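What follows is each chain in one-letter form.
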Amino acid sequence: QVQLVESGGGLVQAGGSLRLSCAASGRTFSMYAMGWFRQGPGKERELAAAISRSGGSTYYSDSVKGRFTISRDNAKKMVYLQMNTLKPEDTAVYYCAACFTYSSGSYFSEINDYDYWGQGTQVTVSS
């Protein structure tokens, strides 16, 4: 089992940056592909970025591509989301999620692929 705890959210002006962190518990963190999802006000939860177990494969939604960077440190059991050039439309609760997989090079894009979720961290971007 994996427990996930996000941190790093907050209030930032448009054009600013934030770095989200996700700390995982459990001995098998390296067996999980990871994702960062977000849910804005009145919107459905959507995938922002995903990363494979090895960290060698990543995925970004069109809305964040070129601005956000997902990374992971398996030794520290951490996943990060560096968010640059933030826009008001990035305002959302951001969730870290884990997907158990035997594939070291695959990432996953569907909500139902993920087995464990964090509680979320609020990101608010003011204009």
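Residues numbered from 1 in each chain as written. Predicted model: local features only at pLDDT ≥ 70, side-chain atom pairs only at ≥ 80, totals over all residues. Heavy atoms only, no water.

> What is the right way to read the sheet that holds strand β3 (residues 18-24) from this model?
The strand order across the open sheet built from four strands is β1-β3-β8-β7, with neighbouring strands paired in antiparallel fashion. The open sheet terminates on both sides in strands that have one partner only, identified here as β1 (4-7) and β7 (68-73). Averaged over all pairs of adjacent strands, the angle between strand axes in this sheet comes to 15 degrees, irrespective of strand direction. Judged from the six bridges that link them, β3 and strand β8 (residues 78-83) form a sheet pairing that is antiparallel. For Cys 22, the partnering residue across the bridge sits in β8 and is Val 79. (Pairing = 2+ DSSP bridges. Helix = DSSP H or I, 4+ residues; strand = E, 2+ residues; numbered from the N terminus. Axes fitted to C-alpha atoms, helices over the stretch in contact; angles between N-to-C directions.)

> Looking at this model, I keep getting lost on the packing of aromatic side chains. Mind explaining?
The geometry of an aromatic ring pair is captured by the separation of the ring centres together with the interplanar angle, meaning the angle of the planes. Applying the stated criterion to the full structure yields seven aromatic pairs. Between Tyr 32 and Phe 100 the ring centres are 5.4 Å apart and the planes differ by 75 degrees, which places this aromatic pair in the edge-to-face class. Here Tyr 32, found in strand β4 (residues 32-39), pairs with Phe 100, found in strand β9 (residues 92-100); they are 68 residues apart in sequence, far enough to count as distant. For Phe 100, a relative accessible area of 35% translates into the label partly exposed. Within the aromatic cluster, the residues linked to one another by ring pairs are Tyr 32, Phe 100, Tyr 102 and Tyr 116. Over the face of the ring belonging to Tyr 80 we find Arg 19, whose NZ or CZ atom lies 4.0 Å from the ring centre. Looking at Arg 45, its charged tip hangs above the ring of Tyr 95, at a distance of 3.7 Å from the centre. (Phe/Tyr/Trp six-rings, centres within 6.5 Å; stacked < 30°, edge-to-face > 60°. Buried < 20%, exposed > 50% of the residue type's maximum accessible area, 1.4 Å probe, protein only. Lys NZ or Arg CZ within 6 Å of the ring centre and 35° of its normal.)

> Got a minute to help me understand the environment of Ser 17 in this structure?
Its location among the elements puts Ser 17 in the loop between β2 (10-13) and β3. Accessibility expressed as a relative area gives 40% for Ser 17, which makes it partly exposed.

> When you look at the pattern of salt bridges in this model, what are you seeing that I'm missing?
Side-chain pairs of opposite charge can arise whenever the charged atoms involved come near each other. Scanning all chains against the criterion turns up four salt bridges. Asp 90 is paired through a salt bridge with Arg 38; the nearest N and O atoms lie 2.8 Å apart. With Asp 90 in the loop between β8 and β9 and Arg 38 in strand β4, the pair connects residues that are 52 residues apart, well separated along the chain. Relative accessible area serves as the criterion here: at 0%, Asp 90 is assigned to the buried category. Between Arg 67 and Asp 90 there is a salt bridge, and its shortest N-O distance comes to 2.7 Å. Note that Arg 67 is positioned in the loop between β6 (58-60) and β7 and Asp 90 in the loop between β8 and β9, a separation of 23 residues in sequence. In the salt-bridge network here, residues are joined through shared partners; they are Arg 38, Glu 46, Arg 67 and Asp 90. (Salt bridge = Lys/Arg side-chain N within 4 Å of Asp/Glu carboxyl O.)

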